[in-house]
Amino acid sequence: MIASIGRSMARMRLMIGRRFIGNLAIRRIGAGMELSHLDVVGSVRRLQATQEATVGAIAEQIRVDPSRSSRIVADLVRQGLLKREVSQEDARRSIVVITPVGLEILEKVDQVKRETISEIVADWPADDVARFAELYDRFLSGFDQRLQQFEIETAAETNGDD
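Residues numbered from 1 in each chain as written. Predicted model: local features only at pLDDT ≥ 70, side-chain atom pairs only at ≥ 80, totals over all residues. Heavy atoms only, no water.

Caption draft 1: Structural detail: helix α6 (residues 100-120). With 21 residues, α6 extends 30 Å from end C-alpha to end C-alpha; this agrees with the ideal 30 Å at 1.5 Å per step. Turning to α6, its buried residues number three or more, namely Gly-102, Ile-105, Leu-106, Val-109, Asp-110, Val-112 and Thr-116. Down the axis of α6, the smallest arc covering the buried residues is 155°, so these residues share one side. Opposite the buried face of α6, by more than 90 degrees, sit the exposed residues Pro-100 and Glu-119. (Helix = DSSP H or I, 4+ residues; strand = E, 2+ residues; numbered from the N terminus. Expected span 1.5 Å × (residues − 1). Buried < 20%, exposed > 50% of the residue type's maximum accessible area, 1.4 Å probe, protein only. Arc of directions from axis to C-beta.)

Take a look at the structure:
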């Protein structure tokens, strides 16, 4: 069973790597969007939930260098999906926030995601869908906890080398 889960995870990673939902959403939305644009706007939404979104925090979240993040943010500001504001925590710092247009784009992407998932589970019994949602969330929560533990262990090993 565990080996089967591992194989399924590998298949899922490959499918996610193809960015099917993002590409499908871009095809439907159009408007000169790129996958990196969706990544940045999505990361700003996630960051805003817990902290101010800076170019550096965005870069860290999407795993690109700050100069690349800055260029993408500038492009999205020009397109009206994001805007720059002054930080309420430190007036010397610039933060990035989502505009109503950006929120509309994210809602369209979320709609494509929901439609795609609905199509995939359309012939599943409702109880199976509910159980899968519960188990998948529990699995990802455990995965997240293990990731956090790994990051703590890695930081400790790195700090121990000094």
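Let us keep going from here.
Caption draft 2: Geometry of helix α2 (residues 20-29). Taken together, the buried positions of α2 are occupied by Gly-22, Leu-24, Ala-25, Ile-26 and Ile-29. Looking at the buried side of α2, the elements it contacts are α3 (35-48) and α6. Positioned one or two residues after α2, Gly-30 has a phi angle of 70°, which is positive. (Contact = heavy atoms within 4.5 Å.)

Caption draft 3: Highlighting the pattern of salt bridges. Per the stated rule, a full pass over the model turns up 12 salt bridges. Between Arg-92 and Asp-90 there is a salt bridge whose closest N-O contact spans 3.0 Å. For the salt bridge of Arg-146 with Glu-153, the shortest nitrogen-to-oxygen distance reads 3.8 Å. It is possible to trace a salt-bridge network through shared partners that takes in Glu-52, Glu-89 and Arg-93. (Salt bridge = Lys/Arg side-chain N within 4 Å of Asp/Glu carboxyl O.)

Caption draft 4: Just the packing of aromatic side chains, in detail. Following the criterion strictly, the structure yields 3 aromatic pairs and no others. Seen from their ring centres, Trp-124 and Phe-132 are 5.6 Å apart, and the 85° between their planes marks the pair as edge-to-face. When the centroid spacing of 5.3 Å and the interplanar angle of 15° are considered together, the rings of Phe-132 and Tyr-136 count as stacked. Remark: Tyr-136 and Phe-132 occur in helix α7 (residues 126-160); sequence separation between them is 4 residues, near one turn of the helix. Taken together through their ring pairs, the aromatic side chains of Trp-124, Phe-132 and Tyr-136 make up a single cluster. (Phe/Tyr/Trp six-rings, centres within 6.5 Å; stacked < 30°, edge-to-face > 60°.)

Caption draft 5: Broad picture of unusual backbone geometry. Despite not being glycine, Arg-19 shows a phi value in the positive range, around 55°. Structurally, Arg-19 is set in the loop between α1 (2-17) and α2. Owing to a relative accessible area of 29%, Arg-19 belongs among the partly exposed residues under this scheme. One non-glycine residue with positive phi stands out, namely Arg-63, at about 60°. Take Arg-63: it is sitting in the loop between α4 (55-62) and α5 (66-79).

Caption draft 6: Spatial organisation of the pairing of strand β2 (residues 94-98). Summarising burial for β2: 4 of the 5 residues are buried, a large majority. As defined by bridge partners, strand β1 (residues 82-86) adjoins β2 across 5 bridges and the pair is classed as antiparallel. Bridge pairing in β2 links Arg-84 to Val-96. (Pairing = 2+ DSSP bridges.)

Caption draft 7: Highlighting the nonpolar core. Residues Val-40, Val-44, Ile-58 and Leu-82 are the most contacted members of the largest nonpolar core, which totals 26 residues. Going through the elements one at a time, α2, α3, α4, α5, β2 and α6 are the ones with two or more residues in this core. Of all the elements, α3 adds the most residues to this core, at 5 residues. (Core = buried A, V, L, I, M, F, W, Y, C linked by side-chain atoms within 4.5 Å.)

Caption draft 8: Region of interest: the packing of α3 against α4. At their nearest, the axes of α3 and α4 sit 9 Å apart, and the two run at 110° to each other. The orientation of α3 with respect to α4, classified from their angle, is roughly perpendicular. Crossing angle aside, the handedness with which α3 passes α4 is right-handed. Facing Asp-39, Val-40, Ser-43, Val-44, Arg-46 and Leu-47 of α3, the residues of α4 in contact are Ala-57, Ile-58, Gln-61 and Ile-62. Each residue belonging to the contact of α3 with α4 can be placed in one class, and the counts come to 6 nonpolar, 2 polar and 2 charged. (Axes fitted to C-alpha atoms, helices over the stretch in contact; angles between N-to-C directions. Parallel < 35°, antiparallel > 145°, perpendicular 65-115°, else oblique. Left-handed = near helix turned anticlockwise from the far one by under 90°. Nonpolar A, V, L, I, M, F, W, Y, C, P; charged D, E, K, R; others polar.)

Nothing here speaks to function; it is geometry throughout.
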